[in-house]
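Observations on chain architecture
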Amino acid sequence: MAMKKFELEKRKAEKLHNDLGAANAPARFGQAATTLLDKKEQRKQDQAKGLVPFACKLNKDLVQELHTRCSEREMTLNDLVAELIQTGLAK
């Protein structure tokens, strides 16, 4: 059975309304919807410190070892990796 033009347009409007409502809603209950602003703010702070993004792919075991060393030494991962690279380059 074919839908009438009015019903088709009504369903399109409902779908659009639902999509717009989902875009404005936070991802989880109690979580702020301003995560993009937090990332932008963090990027600005990093740039002010002179930090540059550096991405690489590492073995899973190596990453786990890095995380355990971070927790043992109570450092951030960024600080530990920077320290390891500096000592490696100094050799």
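Conventions and cut-offs
- Residues numbered from 1 in each chain as written.
- Predicted model: local features only at pLDDT ≥ 70, side-chain atom pairs only at ≥ 80, totals over all residues.
- Heavy atoms only, no water.
- Helix = DSSP H or I, 4+ residues; strand = E, 2+ residues; numbered from the N terminus.
- Salt bridge = Lys/Arg side-chain N within 4 Å of Asp/Glu carboxyl O.
- Buried < 20%, exposed > 50% of the residue type's maximum accessible area, 1.4 Å probe, protein only.
- Patch = residues over 30% accessible without salt bridge, like charges linked within 9 Å, V, L, I, M, F, W, Y side chains within 5 Å.
- Areas by Shrake-Rupley, 256 points an atom, 1.4 Å probe, with all protein chains shown as cover.
- Lys, Arg positive; Asp, Glu negative; His and termini not counted.
- Charge placed at Lys NZ, Arg CZ, Asp CG, Glu CD.
- Axes fitted to C-alpha atoms, helices over the stretch in contact; angles between N-to-C directions.
- Parallel < 35°, antiparallel > 145°, perpendicular 65-115°, else oblique.
- Contact = heavy atoms within 4.5 Å.
- Nonpolar A, V, L, I, M, F, W, Y, C, P; charged D, E, K, R; others polar.

Taking an unreviewed UniProt entry as the reference, the chain is identified by name as Protein CopB belonging to Deefgea salmonis.

A short note on unusual backbone geometry
The backbone of E74 shows a phi angle near 55°, a positive value even though the residue is not glycine. Counting through the fold element by element, E74 comes out in the loop between α3 (60–73) and α4 (77–90).

Points about the pattern of salt bridges
In total, this model carries 3 salt bridges according to the counting rule given. We note a salt bridge from K12 to E9, for which the minimum N-O separation is 3.8 Å. One end of the pair is K12 and the other is E9, both in helix α1 (residues 5–24) and 3 residues apart, which spans about a single turn. Classification of E9 by relative accessible area gives partly exposed; the value is 37%. In this structure, E83 engages R73 in a salt bridge whose closest nitrogen and oxygen atoms are separated by 2.7 Å. Of this pair, E83 sits in helix α4 while R73 sits in helix α3; the two residues are 10 residues apart in sequence, bridging distant segments of the chain.

A few points about a positive patch on the surface
On the surface, K39, K40, R43 and K44 cluster together into a positively charged patch. Positionally, K39 belongs in helix α2 (residues 35–49). K39 sits in the exposed class, given a relative accessible area of 54%.

Examining the packing of α3 against α4
Viewed as axis vectors pointing N to C, α3 and α4 meet at an angle of 105°, and their least axial separation amounts to 9 Å. Comparing the axis directions of α3 and α4 gives the class roughly perpendicular. In this structure, α3 uses L66, H67, R69, C70 and R73 to contact α4, whose residues at the interface are L77, L80, V81, E83 and L84. Partitioning the contact of α3 with α4 into residue classes produces 6 nonpolar, 1 polar and 3 charged.

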